[in-house]
Every structure is written in C-alpha cells, then in structure tokens.
Amino acid sequence: MSSIEQTLSIIKPDAVERNLDKEIKQMFIKNGFTIFKEKKIQIEKSEAEKFYKVHETKPFYSDLCSYLSSGPIVAMILEKENAVIDNRKLMGATNPKDAEDGTIRKKYGISIDKNSVHGSDSVENAKKEIDFFFRD
Ligand code: IDP
Ligand code: MG
C-alpha cells in the first residue's frame, strides 16, 4: 500500500519579492502535490538560525539566516506520495546553475543563496520542519 507523505516547502524571499509565489505553487500542483497548509510570514533572524541549525558550522550560515529573515516567505506543507523526494527533484540542485531544465531552481533561482525554494531533505526532517512552522 502506498501512503501519502508530507514535506515542508518554503518559497524564499527572492521569489516572494518577485511575485513568483503563485507560479511556483502552480508548479507544485501541476506536479501532483496538494498544498495542505500554507502561510506567508516574515521570521526573525534568531528563528532562521534555529531552522538552519544543521548548517551552523558552515561559512555561509550567518548570511543564510539573514537572507531567510530578510523578507516575507511562504511556508507550505505539501502532500503526495513520496512528497519529500519528489519535491527535491522538482526543486532541482542547490545551485541553480546545476539545476536541470524543468526544475523550480532552474526556472527561477538567481544564485546559490537566492535559489527561490527550500525543501525538506528527509521524512524525519520534514516532520521537524513542519512542526517548526505549523505547530500552533
Ligand atoms: P538545499 O537547500 O538544496 O537543501 P543545503 O545544502 O541544505 O541546500 O543548504 C541550505 C541553503 O544554504 C541552500 O538552499 C542555499 O541557499 C544555501 N547554501 C548552500 N550552500 C551554499 C554556499 O556554498 N554558499 C552560499 N549559500 C549556500
Ligand atoms: Mg537542505
């Protein structure tokens, strides 16, 4: 039996700023995802630091957290079978330069830091990240 999985997706500030959130949501829907919940919010840098804690030793950590908190974002719970891996495929490589045709990052990403979307990288992290944004 197959089962429906959930993953967390974020439309990052560079994409929201360019009013790409509707188009990006359409890409999820066209690719079989249901947007189970969504909210447009702006987070504090301290919250971004918690969200990206796994990257705290990386040289780009501070810039990454400043960036994620620099403007409104759209956080979404996406649902479908194999949502985690299928969302990673639809997003494309972290660096838009390396992303394949047809992926969100290829289409909309500007650079490795302004790469338009975040997506959970495992079922376990998806649960944690969904809880981070939608626990209330
Ligand atoms: P992912 O978003 O594809 O899962 P991660 O390695 O988890 O990529 O990195 C988180 C985010 O940190 C990336 O989406 C990107 O915005 C940023 N990032 C990753 N590597 C670099 C880098 O080498 N320089 C600047 N920013 C980076
Ligand atoms: Mg990641």
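Residues numbered from 1 in each chain as written. Chains lettered and ligands numbered in written order. Predicted model: local features only at pLDDT ≥ 70, side-chain atom pairs only at ≥ 80, totals over all residues. Heavy atoms only, no water.

## Points about the sheet that holds strand β1 (residues 4-11)
Stated precisely, the cut-off is as follows: Note: two strands are recorded as paired if DSSP finds a minimum of 2 bridges between them. In this text, helices come from DSSP runs of H or I with a minimum length of four residues, and strands from runs of E with a minimum of two, each type numbered from the N-terminal end. Each axis is a line fitted through C-alpha atoms, taken for helices only over the stretch in contact, and angles between the N-to-C directions span 0 to 180 degrees.
The strand order across the open sheet built from four strands is β2-β3-β1-β4, with neighbouring strands paired in antiparallel fashion. Looking at which strands have only one partner, the edges of the open sheet turn out to be β2 (34-41) and β4 (117-119). For this sheet, the mean angle separating the axes of adjacent strands, direction not counted, is 20°. Here β1 pairs with β4 via three bridges, running antiparallel. When the bridges of β4 are listed, I11 appears paired with V117.

## Quick look at the nonpolar core
Defined as follows: Each nonpolar core is a collection of buried residues, namely Ala, Val, Leu, Ile, Met, Phe, Trp, Tyr and Cys, held together in the definition by side-chain atoms within 4.5 Å. Accessible area is worked out with a 1.4 Å probe on protein chains only. A residue is then buried under 20% of its type maximum, exposed over 50%, and partly exposed in between. Here, two residues are considered to be in contact whenever any of their heavy atoms come within 4.5 Å of each other.
Counting residues in each nonpolar core, the largest one holds 17 residues, and the members touching the most others are I11, I24, F28 and I104. Within the residue set of this core, elements represented by two or more residues are α1 (13-17), α2 (21-30), β3 (73-81), α5 (83-91) and α6 (104-108). Beyond its immediate chain neighbours, meaning those up to four positions away, I11 contacts V16, D21, I24, K25, I73, V74, M76, S116 and V117. Formed by 16 residues, the second largest nonpolar core is a distinct cluster that contains I10, Y61, L68 and F133.

## Looking at the site of ligand 1
Counted only if it meets this: Any residue with a heavy atom lying within 4 Å of a molecule or strand is counted as near it. Any N or O atom pair separated by 3.5 Å or less is treated as a polar contact, with the protein-specific requirement of one donor-capable and one acceptor-capable atom, and with residues adjacent in sequence counted only for side-chain atom pairs. Under the convention used here, a 1.4 Å probe and the Shrake-Rupley method define accessible areas, while residue burial counts only the protein chains that appear. Residues are grouped as follows: nonpolar covers Ala, Val, Leu, Ile, Met, Phe, Trp, Tyr, Cys and Pro; charged covers Asp, Glu, Lys and Arg; every other residue, Gly included, is treated as polar.
By nearness alone, every residue bordering ligand 1 is listed as K12, H55, F60, L64, R88, T94, R105, I112, D113 and N115. Contacts to ligand 1 include T94, whose side-chain N or O atom sits 2.5 Å from an oxygen atom. In the model, an oxygen atom of ligand 1 is placed 3.1 Å from a nitrogen or oxygen of the I112 main chain. Here ligand 1 loses 76% of its free accessible area of 530 Å² to cover by the protein chains. Residue composition of the shell around ligand 1, grouped by class: three nonpolar, three polar and four charged.

## Observations regarding unusual backbone geometry
Even without glycine at this site, N19 takes up a positive phi of about 60°. Within the secondary structure, N19 sits in the loop between α1 and α2. Accessibility expressed as a relative area gives 62% for N19, which makes it exposed.

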